[in-house]
Amino acid sequence: MTKIGKKEFYVVALMLFAMFFGAGNFILPPKLGMDAGNNFYLAILFFCVTGVALPVLGVAAVAKAGTLKELASRVNVTFAVIFVAVIYITIGPLVAIPRASTMPYEIMILPFVDNEYNVYYLAFYSFIYFALNYYICLNPSTMLDTLGKYLTPILLILIAVFFICTLIYSEVNVSIPNQNYTTHPVATAFVEGYQTMDALAALVFGISVVGALKSLGVTNKHQLSLLTIKAGLFSGIILMIVYFALGYLGYVYGNTFKDASNGAILLSLISDDLFGSFGRFILGFTALLACLTTTIGLIGSSASYFSSVTKISYKTWVIIWVVASFILSIQGLTQILKVSVPILIAIYPIAIVLIILSLINNLINESKIIYRFSVYTAAFIGILNAIDSSILSINDEKILSYLGIAKYLEMLPFYSSMLGWVIPVIVMFILGYIINAFSKKDDF
């Protein structure tokens, strides 16, 4: 059994943290702190369940299964192909890339732009941003890796400075919790953690950690799994500390900047209050470089995956992703975040169920019946919940209400909290387990 030193382990663990830490991790906690108000401490705890615990478990799940495709294939081969594609598209051009590209603009440039001309400035900025992404994706260099090594520490130092200065100089001005954080703060914070998208990313990143450990000479499957979980725990602890620090900023300034429509604008206002325009520029420029490394990595990895499963070239996929991301990015960060919510409400239940089943795989003997009963139930209710929470309507009435389905879904426990899938999945898991126990053949 190969042993690796502490230095090598920390390098791998910090690599995983850097992969997790993107735009969503940066802008969501401050907004949560503002919206949760007096319920901040409870909210940030349950935000970390989906924002930290699930990603750590996701890395472990993939480490045990081998790859995301192998894990999803336990349900069905066709399902695996579709689900893996959906994950790459979601953490790529559909949500994560446009969100990351727009965040620096809203911190650094938007405060100085007349609202009337904002769309033109954003379009120009996005064009330059994605032109640079396109060029680097087709002409990769070590410069990007070098930037990545230094940007994460710089960002962490900046966050620490913001937090310490807020503790010392800022007057606590807590806002009143908004309606969701007043009526069901736990469920709201839990679902808000979906927007980090780290549990989805973990399903893709897990194999990268395994690969890094293998390059250090670790080949034993049990040791690979154990070290991957340890690396996930280490990066998770750092994430929790960062989430609390950023969330606390929003908590302290919640009532001061209560009109901020998203976390990027809130951070921009806080940095201006603490350090003036110079602080806002430094924060925005550092975030720009960090987001650039993130989006280039996502475009490159997504293009590589789809070129490997289709006859379309890597270059063509890069063009497709860049153009799609550009079109979505000019909608603005607030709109991107609104659109992302229904998408993540549909996908996250599937990912959560897959992660849990992978971790107890030995106990259920990799039963396809159990996997299918559980995953398909999560997918069905998650998709309906997503449709119900979207702005889609027929004759000014929400689609599910128009079709007469909503009244039945609303009978599910926790449905109004976007967690209506939980009890049905548990019931179907038990049913699948019973059927599997009495079946001679594991097929369905």
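Right above here is the structure, for reference.
So, here's what we can say about the structure. (Residues numbered from 1 in each chain as written. Predicted model: local features only at pLDDT ≥ 70, side-chain atom pairs only at ≥ 80, totals over all residues. Heavy atoms only, no water.)

Looking now at the overall build of the protein. Across its full length, the protein holds 19 helices and 2 strands. For 444 residues, the compact-globule formula gives about 22 Å, and the C-alpha radius of gyration of the protein, at 22 Å, lands near that figure. Along the first, second and third principal axes, the C-alpha atoms of the protein reach 70 × 55 × 45 Å. Residue burial in the protein is summarised as follows: out of 444 residues, 53% are buried. Contacts in the protein between residues at least 24 apart in sequence constitute 81% of all its contacts with a sequence separation of at least 6. Looking at the protein as shown, the accessible area adds up to about 20200 Å², and 67% of this sits on carbon and sulfur atoms. Distance between charge centroids for the protein: 16 Å, based on 23 positive and 20 negative side chains. (Helix = DSSP H or I, 4+ residues; strand = E, 2+ residues; numbered from the N terminus. Rg over C-alpha atoms; globule rule 2.2 N^0.38 Å. Buried < 20%, exposed > 50% of the residue type's maximum accessible area, 1.4 Å probe, protein only. Contact = heavy atoms within 4.5 Å. Areas by Shrake-Rupley, 256 points an atom, 1.4 Å probe, with all protein chains shown as cover. Lys, Arg positive; Asp, Glu negative; His and termini not counted. Charge placed at Lys NZ, Arg CZ, Asp CG, Glu CD.)

So, on to the packing of aromatic side chains. One pass over the full model with this rule turns up 33 aromatic pairs. Ring plane angle 20° and centroid distance 5.4 Å describe the contact between Phe-17 and Phe-21, whose orientation is recorded as stacked. Accessibility assignment for this pair places Phe-17 and Phe-21 in one class, buried. Through a chain of ring-to-ring contacts, three or more aromatic side chains come together here, namely Phe-40, Tyr-41, Phe-163, Phe-244, Tyr-248 and Tyr-251. (Phe/Tyr/Trp six-rings, centres within 6.5 Å; stacked < 30°, edge-to-face > 60°.)

This brings us to the pattern of salt bridges. All told, the structure shown has 3 salt bridges when counted by the stated rule. Taking the shortest distance from any N to any O, the salt bridge between Asp-35 and Lys-31 comes out at 2.9 Å. Separated by 4 residues within a single helix, Asp-35 and Lys-31 lie in helix α2 (residues 23-36), roughly one turn from each other. No difference in accessibility class separates Asp-35 from Lys-31, as the two residues are buried. Residue Asp-272 is joined to Arg-280 by a salt bridge in which the shortest nitrogen-to-oxygen separation is 3.9 Å. Judged by relative accessible area, which is 30%, Asp-272 ranks as partly exposed. (Salt bridge = Lys/Arg side-chain N within 4 Å of Asp/Glu carboxyl O.)

On to the side chain of Thr-295. Residue position: Thr-295 is located in helix α13 (residues 263-309). Within the structure, the side chain of Thr-295 is placed 2.8 Å from the side chain of Tyr-129, a separation counted as a polar contact. Only 3.2 Å separates the side chain of Thr-295 from the backbone oxygen of Leu-292, close enough to count as a polar contact. If near-sequence neighbours (up to four positions away) are discounted, Thr-295 is found in contact with Ile-97, Ala-100, Ser-101, Tyr-129 and Asn-133. (Polar contact = N/O pair within 3.5 Å; in protein donor to acceptor, adjacent residues only side chain to side chain.)

With 17 residues, helix α19 (residues 422-438) should reach 24 Å at 1.5 Å per residue; the first-to-last C-alpha distance of 25 Å fits that figure. Those residues of α19 not exposed but buried are Pro-424, Val-425, Gly-432 and Asn-436. Across the axial projection of α19, the buried residues extend over an arc of 100°, all falling on one side. Turned more than 90 degrees off the buried face of α19, the exposed positions are Ala-437 and Phe-438. On its buried face, α19 sits against α15 (333-359) and α16 (368-389). (Expected span 1.5 Å × (residues − 1). Arc of directions from axis to C-beta.)

Using the criterion set out here, one finds 0 disulfides in the structure. There is no disulfide at Cys-48, and the cysteine sulfur nearest it, in Cys-291, is 20 Å away. For Cys-48, a relative accessible area of 7% translates into the label buried. With no disulfide of its own, Cys-291 lies 15 Å from the sulfur of Cys-137, the closest cysteine sulfur. Judged by its relative accessible area of 4%, Cys-291 is buried. (Disulfide = S-S within 2.5 Å.)

A few words now on the nonpolar core. Ranked by internal contacts, the top residues of the largest apolar core, which has 141 residues, are Phe-26, Phe-83, Met-103, Tyr-194 and Leu-354. Looking at which element gives the most residues to this core, the answer is α13, with 18 residues. With sequence-adjacent residues up to four places away left out, Leu-354 is seen in contact with Leu-71, Val-75, Phe-79, Phe-83, Tyr-371 and Val-375. Leu-384, Leu-400, Leu-409 and Tyr-415 belong to the second-largest nonpolar core, a separate cluster that totals 5 residues. (Core = buried A, V, L, I, M, F, W, Y, C linked by side-chain atoms within 4.5 Å.)

Now for the packing of α2 against α13. Where α2 contacts α13, the axes come no closer than 11 Å and their chain directions differ by 155°. Overall, the two elements α2 and α13 adopt an arrangement that is roughly antiparallel. Residues Ala-23, Phe-26, Ile-27, Pro-30, Lys-31 and Met-34 of α2 touch α13, and the partners they reach there are Gly-263, Ala-264, Leu-266, Leu-267, Leu-283, Ala-287 and Cys-291. When its residues are assigned to classes, the contact of α2 with α13 shows 11 nonpolar, 1 polar and 1 charged. (Axes fitted to C-alpha atoms, helices over the stretch in contact; angles between N-to-C directions. Parallel < 35°, antiparallel > 145°, perpendicular 65-115°, else oblique. Nonpolar A, V, L, I, M, F, W, Y, C, P; charged D, E, K, R; others polar.)

Positive phi outside glycine occurs at Met-197, with the angle close to 60°. Secondary-structure assignment places Met-197 in the loop between α10 (185-192) and α11 (198-215). A relative accessible area of 3% places Met-197 in the buried class. Backbone geometry places Glu-366, a non-glycine residue, at a positive phi of 50°.

Once that is clear, we can look at the packing of α11 against α15. Across the interface, α11 lies against α15 with an axial gap of 9 Å and an inter-helix angle of 50°. Here α11 is positioned oblique relative to α15, judged by the angle of their axes. Considering only the axes of α11 and α15, their crossing is left-handed. For the pair α11 and α15, the contacting residues are Asp-198, Ala-199, Leu-200 and Leu-203 in the first and Leu-344, Ile-347, Tyr-348, Ala-351 and Ile-355 in the second. (Left-handed = near helix turned anticlockwise from the far one by under 90°.)

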